[in-house]
Amino acid sequence: MPTYQEGIFIEDANNFNVSEYKLVENDIAKIKKSISSILNEKSDNVYVVISFGKELWSMLSDLELDNFKDFATLQGKNGHQMPSTQNDLYFRVLGKDQSLVLDQTIRIEEALKGTFEVVLSENGFVYKDYRDLTGFVDGSANPKEEKKYPAALIPENENGGNGSFVFHQKWVHDLEKFNQLPVSVQEKIIGRTKQESIELEGDDMPENSHVSRTDAKHDGVAMKIWRRSFPYGSAVERGLFFIAYTCDPFRVDIQLDRMLGNTEDGVSDRIMEFSTAVSGGYSFAPSVEELNKALKV
Ligand code: HEM
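Figured I'd write up the structure that's included with this text. Given the structure is predicted, the values throughout are model-derived calculations rather than measurements.

**Observations regarding the packing of aromatic side chains**
Counted by the stated rule, this structure contains 19 aromatic pairs. Note on Phe178 and Phe274: the rings are 5.4 Å apart at their centroids and 80° apart in plane angle, and the pair reads as edge-to-face. Of the two residues, Phe178 sits in helix H5 (residues 175–179) while Phe274 sits in the loop between helix H8 (249–260) and strand S13 (275–277), which places them 96 residues apart along the sequence. Exposure class is identical for Phe178 and Phe274. Each is buried.

**Some points on the layout of surface pockets**
Roughly 730 Å³ of internal volume is contained in the largest pocket. What lines the largest pocket is a set of 35 residues, and nearest its centre among them are Asp138, His210, Thr214, Arg227 and Phe242. The set of elements that each furnish at least two residues to the lining of the largest pocket consists of strand S7 (164–173), helix H7 (210–214), strand S12 (238–246) and H8. At four residues, H8 tops the list of elements feeding residues into the lining of the largest pocket. In terms of residue class, the lining of the largest pocket is made up of 17 nonpolar, eleven polar and seven charged. Estimated volume of the second largest pocket: approximately 460 Å³. Surrounding the second largest pocket, 26 residues form its lining, Tyr130, Asp138, Gly139, Asn142 and Arg228 being those nearest its centre. Among the elements of the structure, strand S10 (226–227) and strand S11 (230–233) are those that each provide at least two residues to the lining of the second largest pocket. Classifying every residue of the lining of the second largest pocket gives twelve nonpolar, four polar and ten charged.

Procedures and definitions
- Residues numbered from 1 in each chain as written.
- Predicted model: local features only at pLDDT ≥ 70, side-chain atom pairs only at ≥ 80, totals over all residues.
- Heavy atoms only, no water.
- Phe/Tyr/Trp six-rings, centres within 6.5 Å; stacked < 30°, edge-to-face > 60°.
- Helix = DSSP H or I, 4+ residues; strand = E, 2+ residues; numbered from the N terminus.
- Buried < 20%, exposed > 50% of the residue type's maximum accessible area, 1.4 Å probe, protein only.
- 1 Å grid on protein atoms, 1.4 Å probe; cavity = no way out; pocket = protein on both sides within 12 Å on 5 of 7 lines; lining within 4 Å.
- Points joined across faces, edges and corners; volume = space filled by probe spheres on them.
- Nonpolar A, V, L, I, M, F, W, Y, C, P; charged D, E, K, R; others polar.

The analysis is restricted to geometry; functional conclusions fall outside its scope.
Here's what the structure looks like:
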């Protein structure tokens, strides 16, 4: 049975880094060597999830993945946009010790020097009791216990079994604007209460709330994904680094289209009045076995 990358499901980390790289070298042996050296030198107390953009993956592996694609810029019906900043190689480093997470992040950058160029790197943390910087708990409706595996992983018996499609999207919040609103209005925007994170019900739940737009079904199947987003922030910029693992990128596409109002009802997600997507890319996190196979020289 193929082994999924352990870091995908680690839930007790509180320090994170995401780094995204572009390929600057065509020598396959060099590429494989530089990536392999990272995996061989990993510290015991951090986890690393490695994932590949479609083009790089096809250079390294002949494993065909039906639903794999690059992320393309999306235009919404109501003036919102989600830009594509598709990259080649993605890392999420996570652990309980900020020093070790940073050490590992730097080790990766150094190992890739000459073959890949870093184009985005963001550090994040657990804010209070797992809240987004808007003050709302993030992750309440994530699939629980055993349910997270089918949401995140390609079924074992399919091509790429126990691999996962990954979606990264950096959001920049306008907290000043959001915080000016009364809590009752903020709750209508999210679709949950602020303090206790209880989902609004019936007429209290607006169709343009974030929960209404993302709690989606397609042909009767709930489009569940496994979210591992983290807040980041400084005096300069703050927001959410959205990360989702999914068995099929189509699930994310459906949610994004519903947020953008690219649906029959044309309703868009009010969260986008207060936060702007500035990056976006799909990648594939292969099982450990597929990863080793792809990196063999
Ligand atoms: C500004 C960016 C975002 C923020 C601040 C944000 C925040 C939140 C919050 C506070 C919740 C309610 C608690 C929970 O269940 O986790 C939530 C739910 C959810 N979000 Fe987001 N989110 C963002 C972007 C996204 C994006 C881009 C997607 C999809 C690609 C997404 C998918 C979901 C899903 C699936 C749920 C659970 C819905 C349900 O079944 O109840 N979110 N988000």
